[in-house]
Amino acid sequence: ARFPTTALDLDTTNTTRTPDGGRAGIVDARNHQGGYGEAFVSALAMAAGLRQAKPLPDIDGIDLCLWPDGTGTRRGARAPGINVQVKSGSVATETDTTWGYRLDVPHFNLLADAQATIYPMFLFLVIVPKDWREYATAGHDGLLLRNAAYWHSLADEEQITGAKEGAKTTVH
């Protein structure tokens, strides 16, 4: 027997779609992509030597908490953490210098909280391949996660008031 080397190898039994739009044997496409985005950021944080936690239950849009291991006599007192909201997409708008992402106004307002000074909020955008089979490839020399992650603080942005339900705004 061999270990799978790609995401495609993990789903060799059934490639038919389920009635709710998911893939047989795999979570629905939206949760699959979102979970991959969070795992991508988690892997980068771990590679950077950051500590992390996932708040449960998810009631406020904070997906991960990241912080460095403290140094000195007070340990973590000199190294505050950050709260992270992870979004993922394969169709974000790219320019020469930025990505644009359509974000729900309530999520934008959570991130645009100038009062969040102890644990500042950051938006992480993970650009994923359109085909979930391309998310990850494992080989003898390592693991390749596709595609990239970008982060941005919206703390200096004005919160949006009076928006209609379901309204979105573009973040760059």
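Structure shown above.
Treat the numbers as computed from the prediction; the structure is a model and nothing was measured.

What counts, and at which threshold
- Residues numbered from 1 in each chain as written.
- Predicted model: local features only at pLDDT ≥ 70, side-chain atom pairs only at ≥ 80, totals over all residues.
- Heavy atoms only, no water.
- Helix = DSSP H or I, 4+ residues; strand = E, 2+ residues; numbered from the N terminus.
- Buried < 20%, exposed > 50% of the residue type's maximum accessible area, 1.4 Å probe, protein only.
- Areas by Shrake-Rupley, 256 points an atom, 1.4 Å probe, with all protein chains shown as cover.
- Salt bridge = Lys/Arg side-chain N within 4 Å of Asp/Glu carboxyl O.
- Lys, Arg positive; Asp, Glu negative; His and termini not counted.
- Polar contact = N/O pair within 3.5 Å; in protein donor to acceptor, adjacent residues only side chain to side chain.
- Contact = heavy atoms within 4.5 Å.
- Pairing = 2+ DSSP bridges.
- Expected span 1.5 Å × (residues − 1).

**A closer look at the overall build of the chain**
No. 1: Along the backbone of the chain there are three helices and ten strands.
No. 2: Per-residue burial for the chain yields a buried fraction of 31% across its 172 residues.
No. 3: Carbon and sulfur atoms make up 55% of the accessible area of the chain, which totals about 11300 Å².

**So, the pattern of salt bridges**
No. 1: Counting across every chain of the model gives four salt bridges.
No. 2: For Lys-168, the salt bridge identified is with Asp-104, shortest N-O distance 3.0 Å. Of this pair, Lys-168 sits in strand 10 (residues 168-171) while Asp-104 sits in strand 5 (residues 99-104); the two residues are 64 residues apart in sequence, bridging distant segments of the chain.
No. 3: Taking the relative accessible area as the measure of exposure, Asp-104 reaches 27% and is therefore partly exposed.
No. 4: Between Arg-133 and Asp-131 there is a salt bridge; the shortest N-O distance is 3.1 Å.

**Considering the side chain of Asp-63**
No. 1: Its location among the elements puts Asp-63 in the loop between strand 1 (50-53) and strand 2 (64-68).
No. 2: Of the side chains bearing the opposite charge, Lys-54 lies closest to the buried Asp-63, which forms no salt bridge; the N-O distance is 4.6 Å.
No. 3: Within the local environment of Asp-63, its side chain forms a polar contact with the backbone nitrogen of Val-86, the two atoms lying 2.7 Å apart.
No. 4: Beyond its immediate stretch of four places on either side in the chain, Asp-63 contacts Glu-38, Ala-53, Lys-54, Pro-55, Asp-58, Val-84, Gln-85 and Val-86.

**Concerning unusual backbone geometry**
The phi angle of most residues is negative, glycine excepted, and most peptide bonds adopt the trans form.
No. 1: The residue after Leu-56, namely Pro-57, is reached through a cis peptide bond having omega -5°.
No. 2: Along the polypeptide, Pro-57 turns up in the loop between strand 1 and strand 2.
No. 3: Following Arg-146, the chain continues into Asn-147 via a peptide bond in cis, with omega recorded as 0°.
No. 4: Relative to the elements of secondary structure, Asn-147 occurs in the loop between strand 8 (142-145) and strand 9 (148-152).

**Digging into the pairing of strand 8**
No. 1: Of the pairings in the sheet, the one linking strand 7 (residues 136-139) to strand 8 comprises four bridges and is antiparallel in character. Bridge pairing links Gly-139 to Gly-142 in strand 8.

**Looking at helix 2 (residues 29-47)**
No. 1: With 19 residues, helix 2 should cover 27 Å at 1.5 Å per step; its first-to-last C-alpha distance of 27 Å lies within 8% of that length.
No. 2: Among the residues of helix 2, those classed as buried are His-32, Tyr-36, Gly-37, Glu-38, Phe-40, Val-41 and Ala-45.
No. 3: Buried residues along helix 2 sit against strand 1, strand 2, strand 3 (82-89), strand 6 (121-127), strand 8 and strand 9.
No. 4: In the stretch just after helix 2, Gly-49 is the one whose phi turns positive, near 85°.

**Some words on the environment of Pro-129**
No. 1: Tracing the chain through its elements places Pro-129 in the loop between strand 6 and strand 7.
No. 2: Expressed as a C-alpha distance, the spacing of Pro-129 and Ser-90, which sit 39 residues apart in the sequence, is 5.7 Å.
No. 3: Non-local contacts of Pro-129, meaning those with residues more than four positions away in its chain, are made with Ser-90, Glu-134, Tyr-135, Arg-146 and Asn-147.

**Here's the deal with the sheet that holds strand 10**
No. 1: Overall, antiparallel pairing links the three strands, which are arranged 4-5-10 in an open sheet. Both outer strands of the open sheet, strand 4 (93-94) and strand 10, are each paired with one neighbouring strand and no more.
No. 2: Pairing analysis gives two bridges linking strand 4 to strand 5, with the strands arranged antiparallel. Looking across to strand 5, one finds that Glu-94 is bridged to Trp-99.

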